[in-house]
Amino acid sequence: MTAEDKRIFRFAPSPNGYLHLGHAYSALLNFDLARQVGGRLLLRIEDIDTGRARPEFEAAIYDDLAWLGIDWERPARRQSEHFGDYSVALERLDEMGFLYACDCRRSDIARATDGKPDWPRDPDGSPLYPGTCRAKPRRPAREALAAGGVALRLDMRKASALAGQGLTWQEFGALPLSSNGDELGATIGADPARWGDVVLARKDTPASYHIAVVVDDALQGVTDVVRGSDLFEATSLHRLLQVLLDLPAPDYLHHDLILDEKSEKLAKSVASTALRALRAEGWTPADVRRRIGL
Ligand code: GLU
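Residues numbered from 1 in each chain as written. Predicted model: local features only at pLDDT ≥ 70, side-chain atom pairs only at ≥ 80, totals over all residues. Heavy atoms only, no water.

Student: Is there a simple way to think about the environment of G196 in this case?
Tutor: Residue position: G196 is located in the loop between β7 (185–189) and β8 (199–201). For G196, a relative accessible area of 9% corresponds to the buried category. Distance from G196 to A234, taken between C-alpha atoms, is 12 Å for residues 38 residues apart in sequence. If we ignore the near neighbours within four places in the chain, the residues touching G196 are L128 and M156. (Helix = DSSP H or I, 4+ residues; strand = E, 2+ residues; numbered from the N terminus. Buried < 20%, exposed > 50% of the residue type's maximum accessible area, 1.4 Å probe, protein only. Contact = heavy atoms within 4.5 Å.)

Below you can see the structure in the form of structure tokens.
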């Protein structure tokens, strides 16, 4: 097998808190799968949210992964060093007429949608953007962002009319992963329109998670995206952006989330499930694997 044929996996944490058992599951699953198929494992630090990302959390990520026995290719890609790549993608979407500038505040959106129980919501439960700024005269994205005070939104109706029909992805629910035969994968129909006019560049950051993740997965040659099931629905949107930007489609595996004793989702804000807290209590990496069933 040449280096080019190797499957490429990635673990992509955001350094805005300490890693917990859920992250350990994702990271170890990526590591194990990459090893199992003779593939590569990349690490991506998703730190575009410069207001929340902190150097000590990033340092702790390297530390916790090494403690777990995970080996990844150096250097890690830090998204905050690649805003130029995201703006190239945004300009491309803009040239195709799919972006518009939006200066609405949260309160403007709330005013238009609150008190309307039937107002459509996106898969995360947020009200869909009411389209207030869609009809305003268009300004080029670069100009609008440079002027400040605006976000860039995707005109979902236009974008999905062009590329939203028949959009699918391959979801692998069983292990080991295999894209040679389709016996283990399922074809999932994408429905990006459910997200409405999503923000692709924020007022405070000239990119959003959705644009950064599709650009980076493509630039890094990622073939297998293994991540938590909380991102399953976002994959519809990622597939739409991949088609609009002419980027390859990776295979996906959305794994179950690790729950606490009360069957609730683990949160970075709960220090007790942080890997470093467990380590301080005397847990070993083998204890972690046992707890998460790997
Ligand atoms: N950075 C995201 C997180 O920490 C993961 C993104 C992804 O795997 O696509 O939840």
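Student: What is the right way to read the packing of helix α7 (residues 209–219) against helix α8 (residues 234–244) from this model?
Tutor: The axes of two packed helices give the description: the angle between them and the distance between them. The geometry of α7 relative to α8 is characterised by a closest axis approach of 10 Å and an angle of 60° between their N-to-C directions. Judged by the inter-axis angle, α7 sits oblique to α8. Of the two possible hands of crossing, α7 and α8 adopt the one that is right-handed. Where α7 abuts α8, its residues Y209, H210, I211, V213 and V214 lie against A234, L237, H238, L241 and Q242. Each residue belonging to the contact of α7 with α8 can be placed in one class, and the counts come to seven nonpolar, three polar and no charged. (Axes fitted to C-alpha atoms, helices over the stretch in contact; angles between N-to-C directions. Parallel < 35°, antiparallel > 145°, perpendicular 65-115°, else oblique. Left-handed = near helix turned anticlockwise from the far one by under 90°. Nonpolar A, V, L, I, M, F, W, Y, C, P; charged D, E, K, R; others polar.)

Student: Any chance you could explain unusual backbone geometry here in plain terms?
Tutor: One can expect most non-glycine residues to show negative phi and most peptide bonds to be in trans. Note the cis peptide between R74 and P75, where omega equals -5°. A positive phi angle, near 60°, is found at D246, a position not held by glycine. Looking at the element boundaries, D246 is found in the loop between α8 and β10 (251–255). Judged by relative accessible area, D246 falls into the exposed class, the value being 63%. In this structure, S263 is a non-glycine residue whose phi angle is positive, near 60°. Within the secondary structure layout, S263 lies in the loop between β10 and α9 (275–280). For S263, a relative accessible area of 55% gives the class exposed.

Student: For this particular structure, what's the right way to read the packing of aromatic side chains?
Tutor: Aromatic ring pairs are defined here through the distance separating the ring centres and the angle between the ring planes. Under the defined criterion, the tally for this structure stands at six aromatic pairs. Arranged with centres 6.1 Å apart and planes meeting at 90°, the rings of F83 and Y86 form a pair that is edge-to-face. Of the two residues, F83 and Y86 are both situated in helix α3 (residues 83–95); the distance of three residues between them amounts to about one turn of the helix. Ring geometry for W169 against Y252: centres 6.4 Å apart, planes inclined by 70°, an arrangement best described as edge-to-face. A residue pair is termed long-range when its members are at least 10 positions apart, and W169 in strand β6 (residues 168–172) and Y252 in strand β10 qualify at 83 residues. For the pair W169 and Y252, a shared accessibility class is recorded, and that class is buried. In textbook terms, an aromatic cluster arises when at least three aromatic residues are bridged by ring pairs, as seen for W169, F232 and Y252. Sitting over the ring of W72, R74 keeps its end group 3.8 Å from the ring centre. (Phe/Tyr/Trp six-rings, centres within 6.5 Å; stacked < 30°, edge-to-face > 60°. Lys NZ or Arg CZ within 6 Å of the ring centre and 35° of its normal.)

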